[in-house]
Every structure is written in C-alpha cells, then in structure tokens.
Amino acid sequence: MNSKIWLSSPHMGGGEQKYVQEAFDTNWIAPLGPNVQGFEQALQNYLKDVHVAALSSGTAAIHLGLILLDVKQGDEVLCQSFTFSASANPIVYQGAQPVFIDSEEDTWNMCPKALEQAIEARIKAGKKPKTIVAVHLYGMPYKHKEINEIAKAYEIPVLEDAAEALGSSYYNQPCGTLGAVAALSFNGNKIITTSGGGALVAHEEALKNKAIFLATQARDEAPHYQHSHIGYNYRMSNVVAGIGRGQMEVLNDRVKARRANFEFYKKHLGELPGLYFLPEPENSFSNRWLSTVLIDSAEFGEDAAAVRQRLEKLNIETRPLWKPMHLQPVFEKYPYYGESVAETLFETGLCLPSGSNLTEAALNRIVDAIGAKH
Ligand SMILES: *Cc1c(COP(=O)(O)O)cnc(C)c1O
C-alpha cells in the first residue's frame, strides 16, 4: 500500500527546537516568557504597524475580539456562513445571536450584497448588528474594500477571521491587518503551527494590553488577587511560542510551497472537463492554505463525494469544503441572508492535499488518481 498522503500536516522548519530548548534551559515553562514576546514581535514585524497578543487558540482570539468590540448578551453579530464553526461559536459564548450571510462566487467569502441586505433587514426589524465577522476562507482574501465600505457606512466594526490567511494580502496589505481586530490561528493544520495556538491582532497597543489582561484572568493591580472583570485563561504558553518563533522563520517558504501545490494541480488537472479552480481576483494574493477544486459531476463523470471516496481507497486524504453554518443543526435556528452560493460550494467542492511538505511524487500520485478515469 502506498504511504498515506494527508490533507495538511504540520511542517517544522528546524529552528523550533532551539527556542523550545531555551524555554527548558531557562525554566520558562509558563504562560509568559521571552518566547511569547519574541513570537509576538516576529508577527508584528511581519504584519507591520500592528500590536499582537499571542493566545491559546484562534477561537480564543475571536472570543476576545468580540469582547473588545463590545459584543454582549442579546446583541446580533453578522457572520459569514461558509466557514469553520470556530468563526461563529464565540458569538454564542457571548450570549449574542449570529446572523449568517451567504458567500459570493468570486472569493467564496462574505457576499457584500447579502451583507447590506441583512443589515437593512435587521435594522428594520429593530436591532442594528454589533459586529461583522468576515473570513478569508482557504487563504483567499474577502472583498475588503466592498465589505469595509458597508461597515463604515453603517458604523459596524469588522472582526477579521484571518485564521486561514497568514501570508495572504489584499492590495499589498497583509491579511490580519484589515479588520478593527483580527484573529490568527496556529492550529496543527494551519499554514504555520505551534501545535495549538492563536493570536489577536489590534491597531492600538491599548487593545492588545486589554486582550492580554482578559486572557490572564483579568487580575487588577494589587498584591492580592483582585478582580473587577470576568477573565479567561487564554494566554499562549512560552513553550509553544518557541515553536511559533521557529515557524515564523519559514513562513514565506510555506506560502511559496502551498501556492506551488495549487499551481501544480491547476496545471495538471485544470484542462479536464468539469474541474474548476478558484482564480485569484486582481490585487488579491492568497496563501492557498488549502488547494480546492469544484467538480461539475455531469461534465466530469463523477461527483465530489465519489472522487473523495475513490482517493481514500488509494490512501489519499481529501475533504469536503466547509459545511455552511446556516445548515448546521446547532445554528439552523438563526437568521440567514443570501441564496445558495455557499450550499452549492459545499455540495460540489473538494479540498485536495495541500501540505507544504508534499513531495513531487505525492503530488503526481494525487493528480494521476484524480485524472485516472479521464
Ligand atoms: C482554524 C480556524 C479557526 C479557529 O482556530 P483554532 O486555533 O483552531 O481555535 C477559526 N476560524 C477559521 C476560519 C479557522 O479555519
């Protein structure tokens, strides 16, 4: 049997162990220490003109981001439906109500038209939404100009979910710096990983400090333990931040490798009838975190599910695209605005193996397997 080809597996650069060893050598085995500051600094140098708080996960970053944007019990939050559940779960943690928005075909991200319709309808119904959660899915930037124009006109801040988009940019501006606040993720399958981790990105140092305050149990200045806010235990540990420092040294290589995977698939499969790859809109640069393909079953002769099952038998892992939140049992009671773009993407799409550590032999195995019947 051929060895397993994974969808997206961790890829260490070699420099990580030095930083982790330093944490052990100096006994900084704590949720603070020089690696945490070093990792935050590396992210700030990369993203430029922002302040970064390293946290235990991307989900924690989204949760704190909502709190910083003053989302409270009973508020409404507009959220891209076509995403991973962690974009929406923290809205419910806050006792707020998600309102889901369909995608557009150009980027697969939040549709500006559906967004504006939703805002108008919610205001008419008596409540102005508090925040917009927009996502750069699979690394493709959402239409920031259009979304931001609407956000400004209605004075609703954007929480940018850049969990999948470190290394992507929009008109040369890095993803992770476009929203009022942004969330990054360093989970095991992301473009760089700390095994598990995340970060909140802010434009003012005061917001970063507030995020760190809330992430470390909201302890007031006092010799004893004094609290006037509800706190969380969301800070990144100094051990895993060492992995992050090493990963930042190879981030640009990881982006190159992921983009090369996409180009390889497009070159070798793009001519087959019924297979469609999402082009980069002008002035958008995607890290191509995951390479994805849409399959027209009538033209291709097989639907996405059949291709996935066939590849699974050949020990090649692929995955359906994210199932939209408005179709999830846990979220289906919440309002939804749009048509069936996200639903159709879910039904016809497939994520292909996309690790930055895929060998050319593995890539050839994948394209041969997909194209075998054609
Ligand atoms: C991974 C991911 C998250 C959550 O990040 P974690 O670090 O796993 O908590 C949030 N949003 C999107 C779109 C993601 O892909």
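Heads up: the structure comes first, above all this text.
Conventions used here
Residues numbered from 1 in each chain as written. Predicted model: local features only at pLDDT ≥ 70, side-chain atom pairs only at ≥ 80, totals over all residues. Heavy atoms only, no water. Axes fitted to C-alpha atoms, helices over the stretch in contact; angles between N-to-C directions. Helix = DSSP H or I, 4+ residues; strand = E, 2+ residues; numbered from the N terminus. Parallel < 35°, antiparallel > 145°, perpendicular 65-115°, else oblique. Left-handed = near helix turned anticlockwise from the far one by under 90°. Contact = heavy atoms within 4.5 Å. Nonpolar A, V, L, I, M, F, W, Y, C, P; charged D, E, K, R; others polar. Core = buried A, V, L, I, M, F, W, Y, C linked by side-chain atoms within 4.5 Å. Buried < 20%, exposed > 50% of the residue type's maximum accessible area, 1.4 Å probe, protein only. Domains from an automatic or database assignment. Near = heavy atom within 4 Å. Polar contact = N/O pair within 3.5 Å; in protein donor to acceptor, adjacent residues only side chain to side chain. Areas by Shrake-Rupley, 256 points an atom, 1.4 Å probe, with all protein chains shown as cover.

### With respect to the packing of helix H1 (residues 16–25) against helix H8 (residues 238–248)
Part 1 of the reasoning: Interhelical geometry of H1 versus H8 gives an angle of 155° and a closest axis separation of 7 Å. The angle between the axes of H1 and H8 places the two elements in the roughly antiparallel class. Our pair here, H1 against H8, has a crossing hand that is right-handed. Residues Glu-16, Tyr-19, Val-20, Glu-22, Ala-23 and Phe-24 of H1 lie in contact with H8, whose contacting residues are Asn-238, Val-239, Gly-242, Ile-243, Arg-245, Gly-246 and Gln-247.
Part 2 of the reasoning: Partitioned by chemical class, the residues of the contact of H1 with H8 number 6 nonpolar, 4 polar and 3 charged.

### Let's talk about the nonpolar core
For soluble globular proteins, the rule of thumb is that nonpolar side chains tend to be buried together.
Part 1 of the reasoning: Ranked by size, the top nonpolar core spans 62 residues in total, and within it Leu-43, Phe-82, Leu-115, Tyr-138, Leu-166, Leu-184 and Phe-186 carry the most contacts.
Part 2 of the reasoning: Structurally, this core is a two-domain feature, drawing no fewer than three residues from each of domain 1 (16–250) and domain 2 (252–370).
Part 3 of the reasoning: If we skip the residues at most four places from it in the chain, Phe-82 touches Ser-103, Trp-108, Leu-137, Tyr-138, Leu-321, Trp-322, Pro-324, Ala-342 and Leu-345.
Part 4 of the reasoning: One finds Ala-61, Ile-62, Ile-91 and Tyr-232 within the second-largest nonpolar core, a separate group that totals 33 residues.

### Side note on the site of the ligand
Part 1 of the reasoning: Looking at the ligand, there are 16 residues lining it, with Gly-58, Thr-59, Glu-164, Ser-185 and Lys-190 nearest.
Part 2 of the reasoning: Measuring from an oxygen atom of the ligand, one finds a backbone N or O atom of Gly-58 at 2.7 Å.
Part 3 of the reasoning: Here an oxygen atom of the ligand and a backbone polar atom of Gly-197 are 3.5 Å apart.
Part 4 of the reasoning: About the coverage of the ligand: the protein hides 94% of its 380 Å² of free accessible area.
Part 5 of the reasoning: With 3 residues, the top contributor of residues to the shell around the ligand is helix H3 (residues 58–68).
Part 6 of the reasoning: Of the residues in the shell around the ligand, the class split is 5 nonpolar, 8 polar and 3 charged.

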